[in-house]
Amino acid sequence: MCSFNAGKGQILRLWRSAALALPSLALLQSGLAQANFQNPGLLAPESQLPVFHQQLRDRLDFSLGWTKEHHAKPQAWTQAGLRKARELMLLPGQDLTPFSAHVIEEQDRGSYVARKLEFNVSADSRVAALLLLPKGKGPFPAVLALHDHGARFDIGKEKLIQPWGDEARERAAAAWAGRYFSGRYPGDELAKRGYVVLAVDALGWSDRSGAGFERDSQQALAANLFNLGSSWAALIATEDIRAAKFLAEMPEVDARHIAALGFSMGAQRAWQVAALSDAVTASIAVNWMAGLQGLMVPGNNQLKGQSSFAMLHPYLARYLDYPDVAALAAPKPMLLYAGAQDALFPLASVSQAFAKMAQVWSAYGAVEQLQTCVWPGGHEFTAPQQQAAFDWLDGQFRRLEQAPQQACGASTFTPLKND
């Protein structure tokens, strides 16, 4: 038996204190008590954002991002940014697996040869690739051609280099080239100009896809890679660095002149590998650049999951915005295109990103090494754009007597100022 020896006055005070902490029975019964909890928790109508998303946005300060205060010592900013970027964007450790390349098949294309080959892109994956090799005496400049996403998984490397020997892929690739590239294969166009060109599938595309893999499969693949201590984006970025190293070690390649080129997701991969790899010495990124805040808007693909996971590096936004990452490549030559009517990349955000990047190249005293252009049209890499871009690359690699003044085509573009 227990006893309670408190006085009557103390008991009364405790009872009154407890009563004040609860709504009265009368209020509950009459329905006058007001509920103040958050309901709903997700933003209508598509529930792709939490209702408190603005608070999360406001806390994004990109703590290692470029500011004008870094202008005096851009090298220090680059070094700090690269340390964090490599920590968050790449798989841990250094993969020294021998590439052990083997040619599977070859096709003569006149001034160049097309090869199907295989090599170890990592310790875990031996992959098929397409390689274009100019005839004649090398070494030649080279391009790492990085394919887009497009929610089209039956082709990958074949989007940029014309395939052969597989009718289904030939038809699919021709349709893709007709839709986005004026019926041309950008890799083949570069090979005609005397470039070695390498294209490799990212995990999920073409030879690295699987039966039944489609748009809705991406969520599970991304989640499973997270569960395995990795990420889809980190895997792609790490393999792109390895592919650039493989290209640089080829005896036919001039290792001083290796560019990364890509359209859409391939563009994101191009400026990403240019920043993270010492092997890449220039880059062309077509239709993938804007600030993160400008992409997190209703209707944008960034809010829909699925394809965004292939480019999403967890926690990177705490430290660096997209233009910050691309600018880690400075002062390497970089050409970026945008489409004035590209619904995926709002022009205001594109312009802000380009202007921020221009500050970094300017701090390095290399403002002429960065070209940013807005073309009329949408999400595409047309024949005139290709011509201007490849002329620009020839100029950067000193393959012309005089580099073109503009990389956008004098009568077909509206340039964004780099100041």
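Please refer to the structure placed before this passage.
Residues numbered from 1 in each chain as written. Predicted model: local features only at pLDDT ≥ 70, side-chain atom pairs only at ≥ 80, totals over all residues. Heavy atoms only, no water.

1. Notes on helix α7 (residues 218-227)
In step 1: Regarding α7, the residues found buried are Gln218, Ala222 and Leu225. Down the axis of α7, the buried side of the element spans an arc of 65°, and every buried residue falls inside it.
In step 2: Just beyond α7, the residue with positive phi is Gly229, at close to 80°. (Buried < 20%, exposed > 50% of the residue type's maximum accessible area, 1.4 Å probe, protein only. Helix = DSSP H or I, 4+ residues; strand = E, 2+ residues; numbered from the N terminus. Arc of directions from axis to C-beta.)

2. Comments concerning the side chain of Asp321
In step 1: Checked against the element boundaries, Asp321 lands in the loop between α10 (292-295) and α11 (322-327).
In step 2: With no salt bridge to any partner, buried Asp321 finds its closest opposite charge in Lys356, at an N-O distance of 4.7 Å. (Lys, Arg positive; Asp, Glu negative; His and termini not counted. Salt bridge = Lys/Arg side-chain N within 4 Å of Asp/Glu carboxyl O.)

3. Quick notes on the pairing of strand β9 (residues 370-375)
In step 1: The buried fraction of β9 is high, at 6 of 6 residues.
In step 2: Burial along β9 is two-sided: Leu370, Thr372 and Val374 facing one way and Gln371, Cys373 and Trp375 facing the other are all buried.
In step 3: As defined by bridge partners, strand β8 (residues 334-339) adjoins β9 across 6 bridges and the pair is classed as parallel. Within the sheet, the bridge partner assigned to Gly339 lies in β9 and is Trp375. (Pairing = 2+ DSSP bridges.)

4. As for the pattern of salt bridges
Pairs may arise between side chains of opposite charge once their charged atoms sit close together.
In step 1: On inspection of all chains with the given rule, the structure shows 23 salt bridges.
In step 2: In this structure, Lys157 and Asp207 form a salt bridge, with 2.6 Å as the shortest nitrogen-oxygen distance. A residue pair is termed long-range when its members are at least 10 positions apart, and Lys157 in the loop between β4 (140-146) and α5 (167-180) and Asp207 in the loop between β5 (196-200) and α7 qualify at 50 residues.
In step 3: We classify Lys157 as buried; its relative accessible area is 3%.
In step 4: Judged by relative accessible area, which is 41%, Asp207 ranks as partly exposed.
In step 5: The residue Arg184 makes a salt bridge to Glu189 at a minimum N-O spacing of 3.7 Å.
In step 6: The network of salt bridges with shared partners includes Lys157, Glu158, Arg169, Asp201 and Asp207.

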